[in-house]
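Residues per chain are reported as follows:
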Amino acid sequence: MQQVYRFGPAPEQPARHLFVFLHASGADARSMIPAAFKYQARFPSAALVVPSGFSLYPRDAGGQQWFSTRNLTDENRMARIAAILPRIEQLIRREQTNHRVPRERTVLIGYAQGGTVALETAKALPQLAGAVVAYSARFARLPRPGTRMDSRIHLVHGGYDSVVSRVYAERAARVLAGLRVPVTLDIIEDLGHALTHEAICRGSLRLLQGIYQRRRATLH
């Protein structure tokens, strides 16, 4: 049974945003709770949802994953993600209903495999979330010309990431900009494949800036 941790906004505040945190392959929901609390420090009116992956990670008795990494290749990665997207959509829509938060105030925040799932969710389901923050992640397949993406995308990547090369983030940023998708890219030069305090602060800052830019645009 899937474990889901939920944390409400600051006392006596209605939830104005919904943040859904997606962990890395081989980790679990608890691994994302420190990042979730750091985000809530910047967004005290946000409700936090931190679910576990859909299947067990075979090399770690306590680890989980969103899709199987067994014999994973560039050719079958997209199909494996597509197979779980209905469950991701069901999870997010349920939490949106429970917290009464609309799509445009829903944010998917993912690290590594969780970041890939967040990016592919935004690509396949453009009406599901207003923004994505993806750490050390990549698209399974880059968006094609004409792809509609309504989410703002914030990419944060380590310059020395040897697991998921920074090249994936750089290519994604160029493609998204070509599609006129609002995108930011932060390469943290001295960082490897890790979700550090600096990376979390950078991603949450870009999210905050994107929200304010959107508000200013609607006032004109």
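Please read these numbers as outputs of a predicted model, since none were measured by experiment.

Asker: Just to check I follow, could you spell out the packing of aromatic side chains for this structure?
Answerer: The relation between two aromatic rings is expressed through the spacing of the ring centres and the mutual angle of the planes. Applying the stated criterion to the full structure yields 6 aromatic pairs. Relative to Y39, the ring of F19 has its centre 6.0 Å away and its plane inclined at 85°; by these criteria the two rings are edge-to-face. On the criterion of sequence distance, the pair formed by F19 in strand β2 (residues 17–22) and Y39 in helix α1 (residues 33–42) is long-range, its members being 20 residues apart. When its relative accessible area of 0% is taken as the criterion, F19 is described as buried. Taken together, a centroid distance of 5.6 Å and an interplanar angle of 75° make the contact between F21 and Y39 edge-to-face. Highlighted residues: F21 in strand β2 and Y39 in helix α1, separated in sequence by 18 residues. Look at F21 and you get buried, because its relative accessible area is 0%. Judged by its relative accessible area of 0%, Y39 is buried. Joined through ring pairs, the aromatic side chains of F19, F21, Y39 and F43 make up one cluster.

Asker: Mind showing me how you'd approach the pairing of strand β9 (residues 183–188) here?
Answerer: For a regular strand, the rule is simple: side chains alternate between the two faces of the sheet. Pairing of strand β8 (residues 152–158) with β9, which is carried by 6 bridges, proceeds in the parallel orientation. Within β9, the residue paired with L155 across the bridge is L185. With helix α4 (residues 166–178) bridging β8 and its parallel neighbour β9, the resulting β-α-β unit is right-handed.

What counts and what doesn't
- Residues numbered from 1 in each chain as written.
- Predicted model: local features only at pLDDT ≥ 70, side-chain atom pairs only at ≥ 80, totals over all residues.
- Heavy atoms only, no water.
- Phe/Tyr/Trp six-rings, centres within 6.5 Å; stacked < 30°, edge-to-face > 60°.
- Helix = DSSP H or I, 4+ residues; strand = E, 2+ residues; numbered from the N terminus.
- Buried < 20%, exposed > 50% of the residue type's maximum accessible area, 1.4 Å probe, protein only.
- Pairing = 2+ DSSP bridges.
- Right-handed = clockwise from strand over helix to strand, strands pointing away.

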